[in-house]
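The residues making up each chain are set out below.
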Amino acid sequence: MSDTVTTPPRRKHYLNVDYGIKSWLLTQDHKRIAILYLISITFFFIIGGVMAALIRVELATPLGDLVEADTYNRLFTAHGVLMVFLFLIPSIPAVLGNFLIPLMIGAKDLAFPKLNLGSWYVYNLGALLMVAALLRGGTDTGWTFYTPYSSTFADSEVILTALGAFVVGFSSIMTGLNFIVTIHRMRAPGLTWFRLPLFVWAHYGTSLIQVLGTPVVAIAILLVAAERLLHIGIFDPALGGDPVLFQHLFWFYSHPAVYIMILPSMGVISELIAAFSRKRIFGYKFVAFSSLAIAVLGFLVWGHHLFVSSQSIYAGLIFSVLSMLVAVPSAVKVFNWTATLYQGSISWQTPMIYALGFIGLFVIGGLTGTMLATLGIDMHVHDTYFVVAHFHYIMVGGAIMGYLGGLHFWWPKITGRMYSVFWSKIAAGLIFVGFNLTFFPQFLLGYMGMPRRYHAYPEEFQILNVLSSAGATILGLGYLLPLIYLFWSMRYGERAGDNPWGAYGLEWETSSPPPTLNFDEPPVVTTEAYDYLSLREKKLA
Amino acid sequence: MQGESSHAFGLAHHFDSFDQQREASYLGMWVFLVTEIMFFGGLFTAYVVYRSGQGAAFAIGSHELDIVLGSINTAVLIGSSLTMALAVWAAQTGRRKAIVAFILATILLGGLFLGIKVVEYSAKFEHHLVPGPNFHWQGPEAPGVEMFFNLYFLMTGLHAAHMVIGIGILLVVAILAWRGSFSPENHNLVEGIGLYWHFVDIVWIFLFPLLYLLGRNIQV
Amino acid sequence: MSEYITPIRTYLAVFLALMALTTITVAVAFLELGPFNDIAAMGIAITKACLVVLYFMHVRHSSRLTKMVVVAGFLWLFILIAFIMSDYLTRGMISLQGPIG
Ligand code: HEM
Ligand SMILES: [Cu+2]
């Protein structure tokens, strides 16, 4: 490092207390484990992104000219599995949540540091299984593993991939369990529930879902493997089973799982909106409880994935109504964020650009979700590109925007360095434009009837597909940039200082990067969350 | 690390007090057990779904199980839960040898349970009641009966696997107890494995009537 | 807050109750009670489980938080089963007539 004579003597922090690979692989420091997770998920994001690129290249022309139909199936399966299980689900919780929750609640670490490290190893073990499946030719069932295709007919590496998902699920459970206990038992004196940052509330809701939902998909996957290996009939109708039962068990987890992906992102957005409007979040309690409401209601709607799967139409009706109900707490958040912006002193820093982008894209994703939850509409657009566009608006437009916004917001805390403001704004812009160009045409395509999961399509769909592929190129570029300038900043970035944004919260009161035990003095909390008003008064005085 | 020296033996560096450490461990264990409830829950759901459609076949299936061995095993497992509870009591009151003795008794009863299970399983093998290509059922309702045995083996198998894991952990805890690792302030491991063991007992408390008892009154 | 220590007497009483309930449930299974066979078997199993949870697992003397965690666990299992059965039990309730059916 290029320390000049004027810099004060080296302060010890979590990055420089210890060097060498062993000090990382055996660490029990939540901050280091967050970095380990960051490396792993970035790796799989890149691989999953390459798969997506191949899909978009294939779809640039109506003919199936780049890859065979079977290869195409393996591509979109790998893309879905990697992005969902290895990237999105762990993304914000295991990286930002891991790093920040103890800091935000004034604790020295998570409640179970060894379990935390263990979860990273379990994650990698599961990832290894999935990579092995890829190397042996991949899986062609789609990320949903629907039976009896997956359990009886598929001629690909179903078991390896499914077991990979099973194992990764346990790492997710470990993280969730750790967060729940930590938030209950490790808060600093004075830090009551209603003084917690909304980021923590969102992660609490997320953890509930991880703990309550993941085991069910685990057992469902185990049963698929058992049926495939032992030829015992659980889901295969030819063996006396019922395939719809698999769909029930799968979506009991996987609908709530979409909230595992979006809730943490909502938590990030609350922090960003407050910090860059210099205001307390409007209706703090509503936003806090809406996280819990989403976690609970999210469990009551999974049947909207089974509208056309021979589910009884009475059950379909109930699930349809309940699905619309879950949009209410989501809308509560959106309205409260916008109300916070009103008369705030807004500054257009990079993280804020992501936050505002999130709000717009999430609204589109959520509203189309409500459309899909309408029984009659879903009959028409189920399994079309309309669904693909819907969930990408939420998972990419929402969850990943939140993740990147959070990463840019806390990067100075994590590394102690600032990245290039210019390039980060360019990247945010590219991502927003590229994303919309990629996925908006897919709403139109789906509505016109283009089914998902095919490698060829009728010629009249080509223009919209070319637009989508072009957008994907821009989006890819947008994702590449942060990879470069963030990496760059770790060495050459300016030193950021402890609180570069002038933000409110315990994590900004300790030094950047924080010491191993997070705080030199155990903090005591005496104020509400986002108390920007008093911060301003203090400055004036 | 700073502050380490002021910390009592057995208190991890990131906790402030034994109370905080114990409450975290107790809560963590319970949250883990909730995941176990949902894990077994998937199988219980499959049972409810399939039984709702083919009650008669499930009644036939339950008649094939050995109700005497099943009842004995229920008693054995409840007994092991008692010894486990007493082991925790011994840890709370600081009786080192009693902890070891009660844990060994628990292991013994657990082993007895598994032994009886093996006897039952092998009888099913001989009668070709193990699902898969070798399954043979001459009587009526063959598909439903096979489904019953699918679920029987999956549910009791998963339960038995949990017991094997539990016995393994109990062995380690017994050794630690013998070495004097636990005190009235710090015996979270004993308490934790105790909770796990009782949970496995509860699973059996439901499996026993579902598999062995329901439909007994129906003549087949 | 210190730990509550359950006296041995309680443990033995619970053990005896569990044994008695086991005997009863086996005996009842052979009676002809119609739908009440299932209800009795499940009722007794739930009672036994409650005894284990409350006394062997110390939940009776635990914090409200622990109690909530336990209840949530079983409540979610109930949601899983109930909502799935809401599909299976209502499937036969409609029969399409006319050109579609
Ligand atoms: C406002 C609340 C939401 C509603 C009412 C809703 C509704 C729906 C419905 C009805 C479907 C099924 C469409 C079909 O297959 O025909 C669907 C699919 C999907 N949704 Fe949503 N959704 C909502 C929020 C979300 C969120 C927050 C995410 C992710 C972060 C998400 C991710 C997905 C995914 C991944 C699928 C497709 C699954 C597949 O078949 O592969 N949704 N949504
Ligand atoms: Cu859904």
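Residues numbered from 1 in each chain as written. Chains lettered and ligands numbered in written order. Predicted model: local features only at pLDDT ≥ 70, side-chain atom pairs only at ≥ 80, totals over all residues. Heavy atoms only, no water.

**Q** Provide a residue-level description of the coordination of the copper ion (ligand 2), including the pertinent values.
**A** In ideal tetrahedral geometry, four donors around a metal make angles of 109.5 degrees, whereas ideal octahedral geometry with six donors gives angles of 90 or 180 degrees. Residue and element names in this part refer to chain A. Protein coordination at the copper ion (ligand 2): the donors are H255 (ND1), H304 (NE2) and H305 (NE2), at 1.9 to 2.0 Å from the metal. Along the chain, the residues that donate to the copper ion (ligand 2) are spaced as H-x48-H-H. In this structure, the copper ion (ligand 2) lies 4.3 Å away from the iron atom of ligand 1. One end of the pair, H255, is in helix α8 (residues 243-277); the other, H304, is in the loop between α9 (284-297) and α10 (313-341), and 49 residues separate them in sequence. One exposure class covers both H255 and H304, and it is buried. (Donors = N, O, S within 2.8 Å, 3.2 Å for Na, K, Ca; no water. Helix = DSSP H or I, 4+ residues; strand = E, 2+ residues; numbered from the N terminus. Buried < 20%, exposed > 50% of the residue type's maximum accessible area, 1.4 Å probe, protein only.)

**Q** Would you mind going over the interface of chain C and chain B in detail, with residue names and values included?
**A** Buried accessible area, meaning the area lost when the parts come together, often serves as the stated size of an interface. Facing 48 residues of chain C, the contacting portion of chain B comprises 49 residues. Both faces considered, chain C and chain B share a buried interface measuring about 4200 Å² in area, 77% of it formed by carbon and sulfur atoms. Linking chain C with chain B are 1 salt bridge. The partner of R51 of chain B in a salt bridge is D38 of chain C, with the nearest N and O atoms 3.2 Å apart. For the interface between chain C and chain B, the tally reads 7 residue pairs in polar contact (both at pLDDT 80 or more). Among the secondary structure elements, those contributing two or more residues to the side of chain C that touches chain B are α1 (8-29), α2 (36-56) and α3 (64-88) of chain C. When residues of the side of chain C that touches chain B are assigned to their parent elements, the largest contribution, 13 residues, is made by α3 of chain C. (Contact = heavy atoms within 4.5 Å. Buried area = accessible area lost by both parts, 1.4 Å probe. Salt bridge = Lys/Arg side-chain N within 4 Å of Asp/Glu carboxyl O. Polar contact = N/O pair within 3.5 Å; in protein donor to acceptor, adjacent residues only side chain to side chain.)

**Q** Report on the packing of α8 of chain A against helix α1 (residues 18-53) of chain B, specifying residues and quantitative values.
**A** Their axes nearest at 11 Å, the elements α8 of chain A and α1 of chain B cross at an angle of 150°. As judged from the angle between their axes, α8 of chain A and α1 of chain B are roughly antiparallel. The two elements α8 of chain A and α1 of chain B cross, and the hand of that crossing is right-handed. For the pair α8 of chain A and α1 of chain B, contact is made by L245, L249 and F252 of chain A and by M38, G42, A46, V49 and Y50 of chain B, respectively. (Axes fitted to C-alpha atoms, helices over the stretch in contact; angles between N-to-C directions. Parallel < 35°, antiparallel > 145°, perpendicular 65-115°, else oblique. Left-handed = near helix turned anticlockwise from the far one by under 90°.)

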